Amino acid sequence: MRSRLYQMNATNIATRVRPIVLMLACFVLAACGDPPEPPEVEIRAWVAKGQILAEEKDRRSLMDMISPSYRDARGHERGDIENMFRVYFLRQNSIELLISIEDVRVFGDTAAEVDMTVGMAGTNDGVLGFSASAYNFEMELVREDEEWKLLAARWGEVGGEIR
């Protein structure tokens with residue numbers, strides 16, 4: 001009789017404890033989600049996203065990647081960069097970019113610098129029907145609202161002065 005009572009209590013306890021154990025396991029698994037990406041990986045993904053958006057000529061989404069505080073050494077502000085995109089996108093029927101990131105430097109979790117070379121080719125209605133060029137870029141990024149944003153940039157044709 002005693003062993004039978006013991007079995008009933010053990011079964012009863014197991015039935016009551018099982019949901020609690022499952023709930024705790026769910027909390028532990030939820031807390032152990034994928035670790036956040038290191039900032040350099042996030043920045044490389046940010047550059048890749050920008051490449052896709054530029055090739056799609058998605059000016060609005062590209063502008064979302066630029067900080068409202070943007071200002072560069074040439075005196076350009078965010079609106080000036082938007083106008084550059086607008087003109088370039090209107091002149092090109094299609095755009096292809098080849099990007100080579102030379103260096104990513106991260107400062108804490110909120111600032112970074114990226115050096116890269118971008119080869120640009122586009123088809124257009126010009127004499128040759130296409131244009132191609134290559135530029136070196138030095139970009140300063142800042143994390144705003146959990147997203148990387150372009151804060152400033154310097155650029156120049158490959159082999160020329162970056163300003």
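Residues numbered from 1 in each chain as written. Predicted model: local features only at pLDDT ≥ 70, side-chain atom pairs only at ≥ 80, totals over all residues. Heavy atoms only, no water.

Chemist: How should I be thinking about the overall build of the chain in this particular structure?
Modeler: If you tally the helices and strands in the chain, you get four helices and four strands. Taken from the N to the C terminus, the helices and strands of the chain come in the order α-α-α-α-β-β-β-β. Relative to its 163 residues, the chain shows a buried fraction of 26%. When the accessible surface of the chain is totalled, it reaches about 11,200 Å², and 57% of it is carbon and sulfur. (Helix = DSSP H or I, 4+ residues; strand = E, 2+ residues; numbered from the N terminus. Buried < 20%, exposed > 50% of the residue type's maximum accessible area, 1.4 Å probe, protein only. Areas by Shrake-Rupley, 256 points an atom, 1.4 Å probe, with all protein chains shown as cover.)

Chemist: Is there a simple way to think about the pattern of salt bridges in this case?
Modeler: Any two side chains of opposite charge can pair, on the condition that their charged atoms come close. A full pass over the atoms with the stated rule returns ten salt bridges. Of the charged contacts in the structure, one is a salt bridge between Arg44 and Glu40, with a shortest N-O distance of 3.2 Å. You can see Arg44 and its partner Glu40 sitting in helix H2 (residues 39-55), four residues apart, about one turn around the helix. A residue is classified by how much of its surface remains accessible, and Arg44, at 35% relative accessible area, is partly exposed. Its salt-bridge partner being Glu82, residue Arg86 comes within 3.8 Å of it at the nearest N-O pair. With Arg86 and Glu82 both in helix H4 (residues 78-91) and four residues apart, this pair spans about one turn of that helix. We classify Glu82 as partly exposed; its relative accessible area is 23%. Three or more residues are tied together by salt bridges with common partners; here these are Asp103, Arg105, Glu113 and Asp115. (Salt bridge = Lys/Arg side-chain N within 4 Å of Asp/Glu carboxyl O.)

Chemist: Looking at this structure, I do not really get the side chain of Lys149. What am I missing?
Modeler: Relative to the assigned elements, Lys149 resides in strand S4 (residues 147-157). Setting aside anything within four residues of it in sequence, one finds Lys149 in contact with Trp46, Asp64, Met65, Ile66, Ser67, Glu140, Leu141, Val142 and Glu144. (Contact = heavy atoms within 4.5 Å.)

Chemist: What's the story with H2 in this structure? I'm lost.
Modeler: Residues spaced three or four apart along an α-helix point in a common direction, a consequence of the helix completing one turn every 3.6 residues. With 17 residues, H2 should reach 24 Å at 1.5 Å per residue; the first-to-last C-alpha distance of 24 Å fits that figure. Close packing links the buried residues of H2 with helix H3 (59-64), H4, strand S1 (94-107), strand S2 (111-123), strand S3 (130-144) and S4. Directly after H2, the chain includes Lys57, whose backbone phi takes a positive value near 55°. (Expected span 1.5 Å × (residues − 1).)

Chemist: Help me out: how do you make sense of a nonpolar patch on the surface in this one?
Modeler: Taken together, the side chains of Val127, Leu128 and Phe130 present a nonpolar region at the surface, about 410 Å² in accessible area. Relative accessible area serves as the criterion here: at 88%, Val127 is assigned to the exposed category. (Patch = residues over 30% accessible without salt bridge, like charges linked within 9 Å, V, L, I, M, F, W, Y side chains within 5 Å.)

Chemist: What should I look at first to understand the packing of aromatic side chains in this one?
Modeler: In this description, an aromatic ring pair is defined by two values, namely the gap between the centres and the angle between the planes. Under the criterion given, the structure shown has four aromatic pairs. Measuring from centroid to centroid gives 6.4 Å for Tyr135 and Phe137, while their planes differ by 50°, and the two rings are tilted. With relative accessibility at 17%, the residue Phe137 sits in the buried group. Aromatic ring contacts, followed pair by pair, group Phe85, Tyr88 and Phe89 into a single cluster. Over the ring of Trp155 we find Arg74; its NZ or CZ atom is 4.2 Å from the centre of that ring. (Phe/Tyr/Trp six-rings, centres within 6.5 Å; stacked < 30°, edge-to-face > 60°. Lys NZ or Arg CZ within 6 Å of the ring centre and 35° of its normal.)

Everything listed here is a matter of coordinates, which is why it stays silent on function.
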